[in-house]
Amino acid sequence: MNILVIGSGGREHAIIKKLKESPEVSMVYALPGNGGIAADAVCVDIGAKDISAIVDFAKSHAVDFAVVAPDDPLALGCVDRLHEVGISCFGPDAKAARIESSKVFSKNLMKKYSIPTADYAVFSDPKAALVYLKTAKYPTVVKADGLALGKGVLIPQTYAEAESAVKAIMEDKVFGASGNEIVIEEFLTGPEVSVLAFTDGTAIAPMVSSMDHKRAGDGDTGPNTGGMGTIAPNPCYTPEIAELCMQTIFQPTLAAMRAEGCPFKGCLYFGLMLTPDGPKVIEYNCRFGDPETQVVLPLLKTDLLTVMQAVENETLAELSVEWRSGAAACVILASGGYPGPYEKGRVMALPETLPSNVTLYHAGDRLENGSLVTSGGRVLGVAATASTLKEALADAYAAAETIRFEGVFMRHDIGRRALAVMEER
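Residues numbered from 1 in each chain as written. Predicted model: local features only at pLDDT ≥ 70, side-chain atom pairs only at ≥ 80, totals over all residues. Heavy atoms only, no water.

*Asks:* Can you help me understand the packing of aromatic side chains in this one?
*Replies:* Taken as a whole and assessed by the stated rule, the structure comprises seven aromatic pairs. Between F123 and Y132 the ring centres are 5.2 Å apart and the planes differ by 50 degrees, which places this aromatic pair in the tilted class. Ring-pair connections join several aromatic residues into one group, and the members of that group are F90, F198 and F288. (Phe/Tyr/Trp six-rings, centres within 6.5 Å; stacked < 30°, edge-to-face > 60°.)

Right, dumping it as C-alpha cells:
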C-alpha cells in the first residue's frame, strides 16, 4: 500500500516509523516531512495546510491510505476533501475536529451532556470579560477559542495579569482570529493525565496513558512549551480511574458527538485532571498528541495500519488492540531560547548507532548540503522503551547526552514526578 502522512514533526515521525512495521506498507510519503523523516519516507515539499495540493498529490500518486496528523489540516477539512476523491484516511472530518478547533464548542458540549470539566464562561466582548474577571478566583484560566499552536492558554495569577491576557488575545490578536472569542475557566488542581484513544465513532480503544512535561525548565519552571518530554504509562492513572473515565468521560463524549451529528473518527486525545472531585476534562485534541505519541506508539503491539483501517471502516469493535508491558520515556532536545525566539541552521552531531530500544524522532530539522541542521524549537525526541520506567529514562538520557548542536538544551527531570508516585506506593 502507498501511505501518505501529513505533517512535519516528531509525532509524524513516530507514526511513520510505526506504520513501516506493517507488512502491508510498501511506500510512505510525508507532506512535508523534515530532514530526519527523509530517512524513513519520501518527503514532498507541500505544506500541511495546502489542502488542494495534498489532494492532488494523493490522487496522482495512487495513495491508498492517508493519515492527517496535525490539527490545522483537520480543522480545514483535509479528511473531507480526501474522502470526496475516494481516498481512505485516518482522522476526523472538519465538523468533528471542532472538538479541538473551538474551545467554545467543546465546553458547551461538555456542559450540555454533563461531562465533568471546569466551570467556565464564554465571551466575545473584552469589556464583558473584564467585568467577569473582577470577581473571579485566581489563578484562573483564559483560553483563545480557536487553534493557537498549543499556546492559546494563559493562567493569570492576578486581575492585572488577566486584564493583560484578555487584551493580548482579544484586542491585540496575538493568536489572530482564534481570539475572537475566549473561554474563562476555573483553575483545577491535581495530577494531569493524557489519554489518547482510537475510536470509530462508537467503539473506543484507549491507548496507554502518558504524562507530559510542559514547562521549559527543571522543576516545572519557566514558560509553557509544546512539551519537553513524556513518560508512559502514567502511574497516577490507575485501572479504577481508567474505568471511571470510560463511564463518565470517554463513552459520553462519543455519544455526545454522535448526538450532535458529528461522530468522531480518529484519535481523540483526552487531557485530564485528576481533581479531588474526580477526573475532569481539561481539553480535547482531535489528533495524536506531541510528544505523547512518541511514548505511546512504541508500546503498541497491534499493527497500527490495521487499527487505523478498522477506525476508518468502523469495525474497531471487532479488533483487539494489544499493548506491550513495560514503560517508555521521551526526552525532547530543544533549540536555545525555545519557546521564545531561537536560532536555526545549527549543525547536528548524531550518534552513528543507538541501542535497539532507543529511537530518535526528528521534529525540527532539515537537510542542508547533506547535513542535518536545526529548523525548529523542538528539534529531537529521544525515546526509549524498557521493562521499567527507571530503565527507560536512564536509556533515553544516556542517548540524549551523546547528541550535540549549538544551543541544545533539555530538561533533566522528565519522569521524576512519576517515579515519586510509584515509590510512594
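Okay, back to it.
*Asks:* Would you mind showing me how to read the pairing of strand 17 (residues 278–285) here?
*Replies:* A regular strand places its side chains on the two faces of the sheet in alternate fashion. Counting buried residues in strand 17 gives six out of eight residues, a clear majority hidden from the surface. Sheet analysis places strand 16 (residues 266–275) next to strand 17, joined by seven bridges and oriented antiparallel. From the neighbouring strand, M273 faces strand 17, where its bridge partner is K280. Remark: two residues form the turn of the hairpin made by strand 16 and strand 17, two consecutive strands paired antiparallel. (Buried < 20%, exposed > 50% of the residue type's maximum accessible area, 1.4 Å probe, protein only. Helix = DSSP H or I, 4+ residues; strand = E, 2+ residues; numbered from the N terminus. Pairing = 2+ DSSP bridges.)

*Asks:* Explanation requested: helix 5 (residues 94–101) in the structure shown.
*Replies:* Each α-helix winds once per 3.6 residues, and so residues spaced three or four apart point in a common direction. When we look at burial in helix 5, the residues that qualify are A96, A97, I99, E100 and S101. Of the surrounding elements, those touching the buried residues of helix 5 are helix 3 (71–75), helix 6 (103–112), helix 9 (239–259), strand 16 and strand 17. (Contact = heavy atoms within 4.5 Å.)

*Asks:* Which parts of the structure should I look at to understand the packing of helix 5 against helix 6?
*Replies:* Relative orientation and spacing of two packed helices are given, respectively, by the angle between their axes and the distance between those axes. For the pair helix 5 and helix 6, interaxial distance at closest approach is 6 Å and the crossing angle is 90 degrees. Classified by the angle between their axes, helix 5 and helix 6 sit roughly perpendicular to one another. Mapping the contact onto sequence places R98, I99, E100 and S101 in helix 5 and K103, F105, S106 and L109 in helix 6. Residues that form the contact of helix 5 with helix 6 fall into these classes: three nonpolar, two polar and three charged. (Axes fitted to C-alpha atoms, helices over the stretch in contact; angles between N-to-C directions. Parallel < 35°, antiparallel > 145°, perpendicular 65-115°, else oblique. Nonpolar A, V, L, I, M, F, W, Y, C, P; charged D, E, K, R; others polar.)

*Asks:* I tried to follow the sheet that holds strand 17 on my own but got confused; where do I start?
*Replies:* Each strand in a sheet pairs with another by means of backbone hydrogen bonds, the pair being arranged parallel or else antiparallel. One open sheet accounts for four strands, arranged 11-10-16-17; its pairing is antiparallel. Two strands in the sheet have a free side with no partner beyond their single neighbour: strand 11 (204–206) and strand 17. For this sheet, the mean angle separating the axes of adjacent strands, direction not counted, is 35 degrees. Along the sheet face, helix 9 touches strand 10 (192–199), strand 11, strand 16 and strand 17 and points at about 130 degrees away from the line of strand 16.

*Asks:* For this particular structure, what's the right way to read the packing of helix 7 (residues 126–133) against helix 8 (residues 159–171)?
*Replies:* Running from amino to carboxyl end, helix 7 crosses helix 8 at an angle of 165 degrees, the nearest separation of the two axes being 10 Å. Here helix 7 lies roughly antiparallel to helix 8, going by the angle between them. Here helix 7 runs over helix 8; the crossing is right-handed. Contacts between helix 7 and helix 8 involve P126, A129, L130 and L133 from the first element and Y159, A162, E163, V166, M170 and E171 from the second. Among the residues forming the contact of helix 7 with helix 8, the class breakdown is eight nonpolar, no polar and two charged. (Left-handed = near helix turned anticlockwise from the far one by under 90°.)

*Asks:* What is the right way to look at the pattern of salt bridges in this model?
*Replies:* Proximity of charged atoms lets side chains of opposite charge pair with each other. Following the criterion strictly, the structure yields 20 salt bridges and no others. Note that E368 and R366 form a salt bridge whose closest N and O atoms lie 2.7 Å from each other. When its relative accessible area of 32% is taken as the criterion, E368 is described as partly exposed. For R366, a relative accessible area of 32% corresponds to the partly exposed category. Among the charged side chains, a salt-bridge network with shared partners connects D220, R411, D413 and R417. (Salt bridge = Lys/Arg side-chain N within 4 Å of Asp/Glu carboxyl O.)

*Asks:* What is the right way to read the nonpolar core from this model?
*Replies:* A general feature of soluble globular proteins is that nonpolar side chains tend to end up buried together. Ranked by size, the top nonpolar core spans 78 residues in total, and within it L4, L82, I99, F250, F270 and L272 carry the most contacts. In this view, F250 contacts V195, I204, P206, Y237, C245, F270 and L272; residues no more than four positions away in its chain are not counted. F65, V311, L316 and V321 belong to the second-largest nonpolar core, a separate cluster that totals 44 residues. (Core = buried A, V, L, I, M, F, W, Y, C linked by side-chain atoms within 4.5 Å.)

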